[in-house]
Amino acid sequence: MSETLSGAVVEALLLQAGYNAALVAIGAGLLGIAAGAGGSFLFLRKRALVSDAVAHATLPGVGLAFMVMVALGSDGRSLPGLLLGSALSATAGLYLVDWISRRTRLAEDAAIGAVLSVFFGFGVVLLTIIQTLGRGRQAGLEDFLLGSTAGMLFQDAVIIAVGGALAVTVVLAMRRPMMLVAFDAEYAAASGIHVRTVDLIMMALVMAVTVIGLKVVGLILIVAMLIIPAVTARFWTDRTERLVIIAGIVGGLAGYVGAAISAAAPALPTGPVIVLVAFAIFGASLLFAPNRGVLAAALRHRRFRLRVHERQGLLALARGEPILDGLTLRVLRSQGLIRPDGVATEDGRAQAAKAQLDERRWQEARQIYRNEAIAGRYDGLTAIEQVLTPDEITEIDRRIGGPARVEA
Amino acid sequence: MGNEFVQFSLTPLLIGILAAVACALPGNFLILRRQALIGDAISHVVLPGIVVAFLLTGTVASLSMLLGAAGAAIVAVVLIEAVKRLGRIEPGAAMGVVFTAMFAGGVLLLEQTDTSTVHLDVEHALMGNLESLVWFQAQGWQSLTDPAALAAVPPELPRIASVCLAMAVLMVVFWRPLKLSTFDEGFASAMGIPTAVLSFGLVVAAAVAAVASFDAVGSIIVIAMFICPPAAARLMTDRLETQIWWSVAFAVASAVCGYVLAGYGPLWFGGQHAVSAAGMIATVSGVILGLACLFGPRRQGAGMVRAEG
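Now for a look at the structure at hand. Being a predicted model, the structure only gives us computed values, none of them experimental.

Moving on to the nonpolar core. Core analysis: the largest hydrophobic core is formed by 221 residues, its most contacted members being A:Phe120, A:Leu145, A:Val217, A:Ile220, A:Val231 and B:Leu289. Tallying contributions element by element places helix α1 (residues 3-32) of chain B first for this core, with 17 residues. Beyond its immediate chain neighbours, meaning those up to four positions away, A:Ile220 contacts A:Asp52, A:His56, A:Phe120, A:Leu145, A:Leu146, B:His44, B:Phe103 and B:Leu126.

Below is the structure:
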């Protein structure tokens, strides 16, 4: 990134890049919050890709709305009119997905793919008709494919900001029932929530996000704003309410930062920039998230290996067997359990005796509790004190006799 | 007709038909395996692959494009698996994350690259340009036997023809294992069929069909042809063999009707210009699917099938 560009991005991030750009960045941020939070309900309902069909189904609506407005004598570029048209055809697409997967043997994924491609194809036909209407300029309908915020009109920016704020309000107002339905639809139904209505509101929210996002993110990539934040949030938490909040934050951040970068580099289509910002946050979460991240998993695996080597090393010491494995020797040495020449230290002998006792107690315990869950807890690492009570251990010790001494 | 038809319509029509069939054949299995959206994902990730291939070689030669796109498809499959396993994310969402991000990357790369000298832009990638694949050297039907004129057919035609043939041959060769593993994966692997390899092979075959058709007709047709003709065929019959024939028939019908409607339809309504053939072919395939949904003899399926839905 060049010096001037990064300067311009910082300027846009601080809302210094002009009134319109600031409004668009705020609108994109609000849209991102609504998309992230709304998308996480969809994600939890395992219907993430339905939104892709909804998004692609907006195109014929945009084209038809433009043609109707031209026929009525206006120049056809009014954003509210185009958005209304897109909402209508998106509703038709959503209804068809539902109808095909309910009424025929085709699975939902086939219905999604069919609606998506056919509506989009029909939309392209309409766009080529509009191109040949002799009006030369196409009212920038191509901008709806990939999003473009360059040269956006003031009232359009207001519509996006207000629409984003409204969508966030709906998420806030409906978060309880939507969370319940998303988490466990049957339980929600049993506790008196009308699941179908909540599902409808959820889809309406997705549709609103799609329609508002048409101008900013574009219809091909808006699905990313609904899915990526939710999937990202999944790496950070196992709790539904936190998932929704984190997804909202990720989406808002991606929308805001992406719109700011795009304001500084107007040649770039806005949608891909926002999506790549979201993907960068996702990538960072995939690698560095505390529990599910790749790094955390690798560390966990390493710790586990070291524990296994330590335990097996101690047992070998206790039995007086030579240790040949390099990693085991390193582990024992670093813990101060053996001296550099491989002879056990005082501490090492004590711990070896403890490990051996633990092993013998386990052996006995697995005989006594053969048919109980406790026998399954044996993994060669868990100390028996964590599983059995002192009384039970005393009983085991009575059977096997006390700890055996480990000689150096 | 005659001369003008051969010159301007024969090759695009043939390319459209072959592309439709090449996608519909693997599409039959994708539909039955509930992997219909793989076609959607592939047609998106092909874009970055093609752009990277162009950046590396500086040409739009077909082989490098094909390799780039196939590479991108493999990267996508690996990434989707990684997201699915590492995050324990459901496959649909994992796919959504990967293909949108790769498509976004492809668009940005394309916008940053100077492609003014070659025919490579986002709109072309989405919508294709079937109408431009004309055969200028043709003088009429007799050109079909004239080697000099035949040497000048658009290179897309032999390419998509060989891919279409390859799809048919692969399907015949692997018919039994493919059918078994599609309907009962557990039984197939008990019979010693390497189902994982077969499944990956199917995705790669779909990717090759997508890339070859994508080059000629754009990604809308690719997605529509992967799904609509096989889905409509599925509503006509319970037998896989019959379903394949139906899907081929629907694919050909979509391509022919779509092309003719796009080229001549506007003239019937007093228009001056043709509309997008790729878009019209997708639309016609949707109409066929709609009719099959309403009237197809097997639209409801057996009780077992309903229970899954």
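The subject of this paragraph is the pattern of salt bridges. Residues and elements named next belong to chain A. Following the criterion strictly, the structure yields 24 salt bridges over all chains and no others. The partner of Arg339 in a salt bridge is Asp341, and the shortest N-O contact between them spans 3.2 Å. On the accessibility criterion, Arg339 (41% relative accessible area) is partly exposed. Residues Glu385 and Lys354 are paired through a salt bridge, measuring 3.4 Å at the closest nitrogen-oxygen approach. Of this pair, Glu385 sits in the loop between α17 (373-376) and α18 (390-400) while Lys354 is found in helix α16 (residues 346-368), placing the two residues 31 residues apart along the sequence. Among the ionic contacts, a cluster of salt bridges with common partners joins Arg311, Lys354, Asp358, Glu359, Arg361, Glu385 and Asp397.

Bringing the environment of A:Glu364 into the picture now. Structurally, A:Glu364 can be placed in helix α16. Each residue touching A:Glu364, except ones within four places of it in the same chain, is listed here: A:Ile396, A:Arg399 and A:Ile400.

If you look at the interface, chain B gives 61 residues, while chain A gives 57 residues. Together, the buried faces of chain B and chain A total about 4,600 Å²; carbon and sulfur atoms form 76% of this surface. The interface formed by chain B and chain A contains 1 salt bridge. A salt bridge links B:Asp238 to A:Arg105; its shortest N-O distance comes to 2.6 Å. At the boundary of chain B with chain A, the tally comes to 9 residue pairs in polar contact (both at pLDDT 80 or more).

For helix α4 (residues 91-112) of chain B, which comprises 22 residues, the first-to-last C-alpha distance of 32 Å matches the rise-based estimate of 32 Å (1.5 Å per residue) to within 8%. Among the 22 residues of α4(B), 17 are classified as buried, and the element is accordingly described as predominantly covered.

A separate point is unusual backbone geometry. In this structure, A:Lys46 is a non-glycine residue whose phi angle is positive, near 60°. Relative to the helices and strands, A:Lys46 resides in the loop between α2 (19-44) and α3 (50-56). Looking at A:Lys46, the relative accessible area reads 59%, which means it is exposed. Look at B:Arg34: it is not a glycine, yet its phi comes out positive at around 55°.

About the criteria used
Residues numbered from 1 in each chain as written. Chains lettered and ligands numbered in written order. Predicted model: local features only at pLDDT ≥ 70, side-chain atom pairs only at ≥ 80, totals over all residues. Heavy atoms only, no water. Core = buried A, V, L, I, M, F, W, Y, C linked by side-chain atoms within 4.5 Å. Buried < 20%, exposed > 50% of the residue type's maximum accessible area, 1.4 Å probe, protein only. Helix = DSSP H or I, 4+ residues; strand = E, 2+ residues; numbered from the N terminus. Contact = heavy atoms within 4.5 Å. Salt bridge = Lys/Arg side-chain N within 4 Å of Asp/Glu carboxyl O. Buried area = accessible area lost by both parts, 1.4 Å probe. Polar contact = N/O pair within 3.5 Å; in protein donor to acceptor, adjacent residues only side chain to side chain. Expected span 1.5 Å × (residues − 1).

These values are about where atoms sit, not about what they do.
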